[in-house]
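# Structural characterization, general
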Amino acid sequence: MRKITTSVLLTAFLLSACGGGGGSTSVVLPSPTPSPTPTAGCDLASRQSWVLAGLNEWYLFPSDLATGVAPASHTTVQSYIDALVAPARALRKDRFFTYITSIADENAFFSSGASAGFGVRLSYDTTNRRLFVMEAFENAPALTAGIDRGTEITAIGTSAGNLTSVSSLFASGGAQGVSDALGPSTAGTTRVLRIVNSTGTRDVSVTKADYSLSPVSSRYGAQIIQSDGRSIGYLNLRTFISSADAQLRSAFANFRANNVTELIIDFRYNGGGLVSTANLMGDLMGRNQPTSAIFSRTDFRPEKAVENDISYFAAQVQSVAPTKIAFIGTGSTASASELVINSMRPYLNANVALIGANTFGKPVGQIALDRSACDDRLRVVAFATGNAVSQSDYYDGLAPKMSVTCRAGDDITFPLGDPREASVRTAIDYLVGRPCAGAIAEAGAGSASLGTRTNTAGDDALEMLSPVTPSAAQHEVPGLF
């Protein structure tokens, strides 16, 4: 894609297609250095005026913007944005995808996965008031403290003396009460957690720290599974950020060296990210595709059609020619991850399947409008994404669009990538030709916010925990704390 020059209230412009609302561009442009402190012109009214101008110029659904919204009736920029896009949200076109965030924080995350926290994804069961760890990240405090996938957190406190049960937190404040108890996403925040896992019940003190999230886990993210006399490539991509590119190349180089042509691509918690990384992933699965073959397309509103773009396959030295792909998805699978799945459909047809649960349903992407003096980045839904045959209408998730789907649970009693885990096992069954238990039901798509369902134990029991005001990283990584 190319750099776009505009003159209305922005100093940089980036194209994106990412999940949960965030994301950056296929070609990261030079970004302004945010001012350390807000300067003149960063009062609430000025920021609201800037937001309105950006939406009026770029919003993909201009007829679905509210008119007559009084800025003075809103005390935050995000509240004002929410009111402006409310009609589109009611139509499920923009489910919290348009928002304000920090330039500095988002740039740090997209370049290296930089974040601050415990380094886990958390999901909760509201019916039974329970909180579980779905995934723990390497080089982060939680994993160092022995907290990993399958751990249940039963109580939270700022010290051992004031532990409050998760059940009580849910009862008094719902999911937000639990999120609040875990504290802000700032390094140095300490919480005492009562945890239950295979070693028993114990209390651990964990301090949030700065860390870099690895897009492909060094423990289970890329491997070759031997099953039924086959070598099956397994890849779990956590998020589409630029530091994933080298990891993807390495994984596919190993697949190619081992003549792997059957793949399991695990996107179950992948909320999206950079289009450039999504396009690279397509290239790495396009060894047998001509350069005239379309991988994906982006389409802006009619008056911005000059910005429309087509991405063609460009085979890399690490590329493989897949004969069959099983994509693992859940309600946390969105945007750039859905783009990859959707883009492979025309080329593999019945030889590509969705395993697990229905995806979120986000066939649109955001641009970023930056105002560096205020460290403001406005994420604006500005374009639709489509595949080679212009299939792009999957607001209800990809399950209704796929030729083959297989229902499977997300079994947190096994590590990700373990052939015994329910979704991985079902993916292997599909690849080797065994029938699955049943197709994925379309119900459950269209959730209000990204990644609300994780489809654990074969149903929609668990929801990804998210604060009311997520950080830049939490916009992109469902359940991150």
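Residues numbered from 1 in each chain as written. Predicted model: local features only at pLDDT ≥ 70, side-chain atom pairs only at ≥ 80, totals over all residues. Heavy atoms only, no water.

## Topic: the pairing of strand β15 (residues 309–312)
Burial along β15 is one-sided: Asp309 and Ser311 are buried, while Ile310 and Tyr312, pointing the other way, are not. Taken together, the four bridges between strand β14 (residues 294–300) and β15 define a ladder with antiparallel strand orientation. Looking at the pairing, Arg297 lines up with Ile310 of β15. (Buried < 20%, exposed > 50% of the residue type's maximum accessible area, 1.4 Å probe, protein only. Helix = DSSP H or I, 4+ residues; strand = E, 2+ residues; numbered from the N terminus. Pairing = 2+ DSSP bridges.)

## Some points on the sheet that holds strand β12 (residues 230–236)
Pairing is mixed across the open sheet formed by six strands, whose spatial order is β11-β12-β13-β16-β17-β20. Each of the sheet's edge strands pairs with one partner strand only, and the pair in question is β11 (222–227) and β20 (404–407). Ignoring strand direction, the axes of neighbouring strands in this sheet form an average angle of 25°. Pairing between strand β16 (residues 324–329) and strand β17 (residues 352–356): five bridges, direction parallel. Paired with Phe327 across the two strands is Leu354, which belongs to β17. Docked against the sheet, helix α10 (residues 422–432) engages β11, β12, β13 (262–266), β16, β17 and β20, running at close to 160° with respect to β16. (Axes fitted to C-alpha atoms, helices over the stretch in contact; angles between N-to-C directions. Contact = heavy atoms within 4.5 Å.)

## Concerning helix α8 (residues 275–284)
Most of α8 is tucked away: ten of the ten residues are buried. Those residues of α8 that sit buried are Val275, Ser276, Thr277, Ala278, Asn279, Leu280, Met281, Gly282, Asp283 and Leu284.

## A word on the confidence of the model for the chain
Per-residue pLDDT for the chain has a mean of 90; in total, 88% of the residues score no lower than 70. Averaged over each element, pLDDT in the chain is lowest for strand β1 (residues 13–15) (37) and highest for β13 (99). With pLDDT under 50 throughout, residues 1–35 is counted as low confidence; its partners more than four residues away or in other chains account for 145 contacts. Across residues 443–460 the pLDDT falls below 50, and counting only partners more than four positions away or on other chains, this stretch makes 61 contacts in the model. (pLDDT = per-residue confidence, 0-100.)

## Here we look at the layout of surface pockets
For the second largest pocket, the calculated volume is near 380 Å³. With four residues, the single largest contributor to the lining of the second largest pocket is helix α4 (residues 103–112). (1 Å grid on protein atoms, 1.4 Å probe; cavity = no way out; pocket = protein on both sides within 12 Å on 5 of 7 lines; lining within 4 Å. Points joined across faces, edges and corners; volume = space filled by probe spheres on them.)

## Quick notes on the nonpolar core
One finds Leu235, Leu263, Phe267, Met285, Ile325 and Phe327 to be the most contacted residues of the largest nonpolar core, which totals 37 residues. Looking at this core, the elements with two or more residues in it are α7 (244–257), β13, α8, β16, α9 (336–348) and β17. Sort the elements by how many residues they give to this core and α9 lands first, with six residues. Membership of the second largest hydrophobic core comes to 30 residues, among which are Leu60, Ala88, Ala334 and Leu369. (Core = buried A, V, L, I, M, F, W, Y, C linked by side-chain atoms within 4.5 Å.)

## Side note on α4
Among all positions of α4, only Ile103, Glu106, Phe109 and Phe110 are buried. Within α4, the buried residues cover an arc of 140° as seen down the axis, which keeps them to one side. On its buried side, α4 packs onto β2 (99–102), β3 (114–117), β18 (364–371), β19 (376–386) and α11 (472–476). Near the N-terminus of α4, the side chain that reaches the backbone nitrogen of Ala104, with its oxygen 3.3 Å away, is that of Ser102. (Arc of directions from axis to C-beta. Polar contact = N/O pair within 3.5 Å; in protein donor to acceptor, adjacent residues only side chain to side chain.)

## Structural notes on the state of the cysteines
Counted under the stated rule, the structure contains two disulfides. Each sulfur of the disulfide joining Cys42 and Cys374 lies 1.9 Å from the other. Taking the sign of the S-S torsion, about -90° here, the bridge from Cys42 to Cys374 comes out left-handed. A residue pair is termed long-range when its members are at least 10 positions apart, and Cys42 in the loop between β1 and α1 (44–58) and Cys374 in the loop between β18 and β19 qualify at 332 residues. When sorted by exposure, Cys42 lands in the same class as Cys374, which is buried. Each disulfide pairs two cysteine sulfurs, and for Cys406 the partner residue is Cys436, the sulfurs being separated by 2.4 Å. Disulfide Cys406 to Cys436: torsion about the S-S bond roughly -75°, handedness left-handed. Here the residue Cys406 occupies a position in strand β20, and Cys436 occupies one in the loop between α10 and β21 (463–464), the gap between them amounting to 30 residues. Judged by relative accessible area, which is 4%, Cys406 ranks as buried. (Disulfide = S-S within 2.5 Å.)

## Some remarks on the packing of aromatic side chains
One pass over the full model with this rule turns up eleven aromatic pairs. With 5.9 Å between their ring centres and 85° between their planes, Tyr59 and Phe61 make a pair best called edge-to-face. Just as Tyr59 is buried, Phe61 falls in that class too. Look at Phe252 and Phe255: their rings are 5.4 Å apart centre to centre, the planes differ by 75°, and that puts the pair in the edge-to-face class. One end of the pair, Phe252, and the other, Phe255, are both in helix α7, three residues apart, so they sit about a helical turn from each other. Ring-pair connections join several aromatic residues into one group, and the members of that group are Trp58, Phe300 and Phe383. Lying across the ring of Phe360, Arg95 places its NZ or CZ 4.1 Å from the centre. One Lys or Arg, Lys324, reaches over the ring of Tyr430 and ends 4.6 Å from the middle of that ring. (Phe/Tyr/Trp six-rings, centres within 6.5 Å; stacked < 30°, edge-to-face > 60°. Lys NZ or Arg CZ within 6 Å of the ring centre and 35° of its normal.)

## Some thoughts on the packing of α7 against α8
Their axes nearest at 10 Å, the elements α7 and α8 cross at an angle of 10°. In terms of axis orientation, α7 runs roughly parallel to α8. When α7 is examined against α8, the residues Ala244, Asp245, Leu248, Arg249 and Phe252 are found in contact with a partner set consisting of Thr277, Leu280 and Leu284. Here the contact of α7 with α8 is composed, by residue class, of five nonpolar, one polar and two charged. (Parallel < 35°, antiparallel > 145°, perpendicular 65-115°, else oblique. Nonpolar A, V, L, I, M, F, W, Y, C, P; charged D, E, K, R; others polar.)

## Section: the side chain of Ser296
If you trace the backbone, Ser296 turns up in strand β14. On the basis of relative accessible area, Ser296 is assigned to the buried category, the value being 4%. When sequence neighbours within four positions are dropped, the list of residues in contact with Ser296 reads Asn279, Asp309, Ile310, Ser311, Leu339, Ser343 and Gly386.

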